[in-house]
Amino acid sequence: MSEYSALHNGALFFDRSDRTRMRISGPKAAELVTGMVTNDVLALLPGEGQYAAALTPKGKIVADLRIFALEDALLIDTSPAAAPGWKEMVRKYVNPRIAPYHDLTSELSDFGVFGRSAHAVLSRVLDVDDKDLVSLPPYGHISRPFGNVTVMIARVPEIDLDGFEILIPTEAAALLKAKLEAAAVSAGGQDT
């Protein structure tokens, strides 16, 4: 109950690094991914994102995805359960000479911060203007420096409370976790 109370009265962070993260780049990346999912990825501008489902040619759902448009690529992430199906689709339908892809799961960690004061906590911990976080649309994202690395902060509407994902190079993940704990944000468990 204390974790639920923290979500409704403050914030919790969750290590979501078990999610699979993949980068697909090249001028045809958005076109190829659009042909594999339910949404128009071609319409995304850098800093925008969307939730989509990857489908077989017969319309069966293979994976639920979060797609983030970067300047020169797409960053796509999915749950651990859906990752094998998504990876198989990419191997089957994406020509790496046309749209190179790279699994970033071991290189990029993922922390979710959720709760009524998630935006205020991230503003302090990551030194980001609170207005920049509050104004992000669903799956919209910004990049900011954090120590010697750059983090991507994405607004994710996965629960009824404010939620943000911080995608951070793995070598800086421990520092982010320490700063969240120093800001009195507790880690939430998988059940919550």
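Placed above this text is the structure.
Worth saying up front: this structure is predicted, and the values here are computed from it rather than measured.

What is the right way to read the overall build of the chain from this model?
Helix and strand content of the chain: six helices and eleven strands. A compact globule built from 192 residues should have a C-alpha radius of gyration of about 16 Å, and the chain, at 17 Å, falls within 12% of that. Projected onto its principal axes, the C-alpha coordinates of the chain cover approximately 45 × 35 × 30 Å. Each of the 192 residues in the chain was classed as buried or not, and the buried ones make up 47%. Considering only residue pairs separated by 6 or more positions, the chain has 61% of its internal contacts joining residues 24 or more positions apart. Of the roughly 9,600 Å² of accessible surface on the chain, 54% is carried by carbon and sulfur atoms. For the chain, the centre of its 19 positive side-chain charges and the centre of its 25 negative side-chain charges are spaced 5 Å apart.

Would you explain the pairing of strand E8 (residues 141–146) in this entry?
Each regular strand shows side chains that alternate between the opposite faces of the sheet. As judged from the six bridges shared by E8 and strand E9 (residues 149–155), these two strands associate in the antiparallel manner. Following the sheet pairing, Ile 142 is matched in E9 by Ile 153. Joining the antiparallel neighbours E8 and E9 is a turn of two residues, in which Gly 147 adopts a positive phi near 60 degrees.

Looking at this model, I keep getting lost on the packing of helix H4 (residues 118–126) against helix H6 (residues 173–182). Mind explaining?
Two quantities define a packed helix pair, namely the angle between the helix axes and the distance between the axes. Relative orientation of the contacting elements H4 and H6 amounts to 120 degrees, with a least axis distance of 10 Å. As the angle between them shows, H4 and H6 are arranged oblique. The handedness of the crossing between H4 and H6 is right-handed. Within the contact between the two elements, H4 uses Val 121, Val 125 and Leu 126 and H6 uses Leu 176, Lys 179 and Leu 180. Here the residues of the contact of H4 with H6 are counted per class, giving five nonpolar, no polar and one charged.

Explanation requested: the environment of Val 94 in the structure shown.
Summarising the element assignment, Val 94 is placed in the loop between helix H3 (83–93) and strand E6 (101–103). With twelve residues separating them along the chain, Val 94 and Ser 106 place their C-alpha atoms 21 Å apart. Excluding residues within four positions of it along the chain, Val 94 makes contact with Leu 32, Met 36, Met 89, Ala 99 and Tyr 101.

Explain unusual backbone geometry here, please?
Glycine aside, residues mostly have negative phi angles, and peptide bonds mostly take the trans form. One non-glycine residue, Tyr 139, adopts positive backbone phi at about 65 degrees. Within the secondary structure, Tyr 139 is located in the loop between helix H5 (130–134) and E8. A positive phi angle is found at Ala 184, which is not glycine, with a value near 65 degrees. Structurally, Ala 184 is set in the loop between H6 and strand E11 (186–187).

Explanation requested: the sheet that holds E9 in the structure shown.
Strand pairing within a sheet occurs via backbone hydrogen bonds; the two strands may be parallel or antiparallel. As summarised here, the arrangement of the six strands in space is E8-E9-E10-E7-E1-E11, forming an open sheet in which the pairing is mixed. The open sheet terminates on both sides in strands that have one partner only, identified here as E8 and E11. As paired elements, strand E1 (residues 12–15) and E11 share two bridges and run parallel to each other. Across the sheet, Phe 13 pairs through a bridge with Ala 187, a residue of E11. Lying over the sheet, H4 contacts strand E7 (108–114), E8, E9 and strand E10 (163–169), oriented at roughly 25 degrees with respect to E10.

Would you take a moment to explain H4 for this structure?
Owing to its 3.6 residues per turn, the α-helix aligns residues three or four sequence positions apart on the same side. Most of H4 is tucked away, with seven of its nine residues classed as buried. Among all positions of H4, only Ala 118, His 119, Val 121, Leu 122, Ser 123, Val 125 and Leu 126 are buried. Contacts from the buried residues of H4 go to E7, H5, E8, E9, E10 and H6.

Looking at this structure, how should I read the sheet that holds strand E3 (residues 49–55)?
Taken in spatial order, the five strands make up an open sheet running E3-E4-E5-E2-E6, and their pairing is antiparallel. The sheet is open, and its two borders are formed by E3 and E6, each paired with just one other strand. Taken pair by pair, the neighbouring strands of this sheet meet at an average axis angle of 25 degrees, ignoring direction. Alignment of strand E2 (residues 20–25) against E6, held across three bridges, turns out to be antiparallel. In the sheet register, Met 22 faces E6, and the bridge partner there is Asp 103. Against the sheet, H3 makes contact with E2, E3, strand E4 (61–69), strand E5 (73–78) and E6, and its axis sits at roughly 15 degrees relative to E2, the strand it touches most.

Here is what the cut-offs are and how they apply
- Residues numbered from 1 in each chain as written.
- Predicted model: local features only at pLDDT ≥ 70, side-chain atom pairs only at ≥ 80, totals over all residues.
- Heavy atoms only, no water.
- Helix = DSSP H or I, 4+ residues; strand = E, 2+ residues; numbered from the N terminus.
- Rg over C-alpha atoms; globule rule 2.2 N^0.38 Å.
- Buried < 20%, exposed > 50% of the residue type's maximum accessible area, 1.4 Å probe, protein only.
- Contact = heavy atoms within 4.5 Å.
- Areas by Shrake-Rupley, 256 points an atom, 1.4 Å probe, with all protein chains shown as cover.
- Lys, Arg positive; Asp, Glu negative; His and termini not counted.
- Charge placed at Lys NZ, Arg CZ, Asp CG, Glu CD.
- Pairing = 2+ DSSP bridges.
- Axes fitted to C-alpha atoms, helices over the stretch in contact; angles between N-to-C directions.
- Parallel < 35°, antiparallel > 145°, perpendicular 65-115°, else oblique.
- Left-handed = near helix turned anticlockwise from the far one by under 90°.
- Nonpolar A, V, L, I, M, F, W, Y, C, P; charged D, E, K, R; others polar.

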